[in-house]
Amino acid sequence: MKIDTEIRHVTKPGANLFLELGFPADEARRLQEASRQQINDTRLLKEQLMSELAEWIAQHHLKQAEAAEILMVSRPRVSDVVNKKTAKFTIDTLVEMLSRVGKTVRLAVG
């Protein structure tokens, strides 16, 4: 059995994917804006969690390798946290790392 891997269409950067999927223009704009807002909200939440971890590392004067051992991750993962590379982490992973250092995370919905 042969798997079809032919690329038939590529959405250009910045294009509205919802418009290309056939949604009416008004709905496509609304969906794209909602999507961008959700992505931004997630990024900001991850940055906040990463800041808490980076602050904990700094307060305890830990080297990245020491922090990695406590957090049970690799040293490059600690570097990614400190440098706020949000795309490399899920919110769950960051919450779990904070839990490992004794920090509780509470969610407030407004």
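Residues numbered from 1 in each chain as written. Predicted model: local features only at pLDDT ≥ 70, side-chain atom pairs only at ≥ 80, totals over all residues. Heavy atoms only, no water.

The chain is annotated in an unreviewed UniProt entry as XRE family transcriptional regulator of Comamonas flocculans.

A few words on the layout of surface pockets. The space that makes up the largest pocket amounts to roughly 270 Å³. The wall of the largest pocket is formed by 13 residues, among which Leu45, Gln48, Leu49, Val105 and Arg106 lie closest to the centre. When residues of the lining of the largest pocket are traced back to their parent elements, those giving at least two are helix H2 (25–59) and helix H5 (91–100). Among the elements that take part in the lining of the largest pocket, H2 stands out by supplying 4 residues, more than any other. (1 Å grid on protein atoms, 1.4 Å probe; cavity = no way out; pocket = protein on both sides within 12 Å on 5 of 7 lines; lining within 4 Å. Points joined across faces, edges and corners; volume = space filled by probe spheres on them. Helix = DSSP H or I, 4+ residues; strand = E, 2+ residues; numbered from the N terminus.)

With that settled, the discussion passes to the nonpolar core. Judged by nonpolar contacts, the single largest core of 15 residues is most densely connected at Leu53, Leu71, Val78, Val81, Phe89, Leu94 and Met97. Broken down by secondary-structure element, the contributors of at least two residues to this core are H2, helix H3 (64–71), helix H4 (75–82) and H5. No other element matches the 5 residues that H2 contributes to this core. Discounting chain neighbours no more than four positions away, the residues touching Phe89 are Lys46, Met50, Arg77, Asp80, Val81, Leu94 and Met97. (Core = buried A, V, L, I, M, F, W, Y, C linked by side-chain atoms within 4.5 Å. Buried < 20%, exposed > 50% of the residue type's maximum accessible area, 1.4 Å probe, protein only. Contact = heavy atoms within 4.5 Å.)

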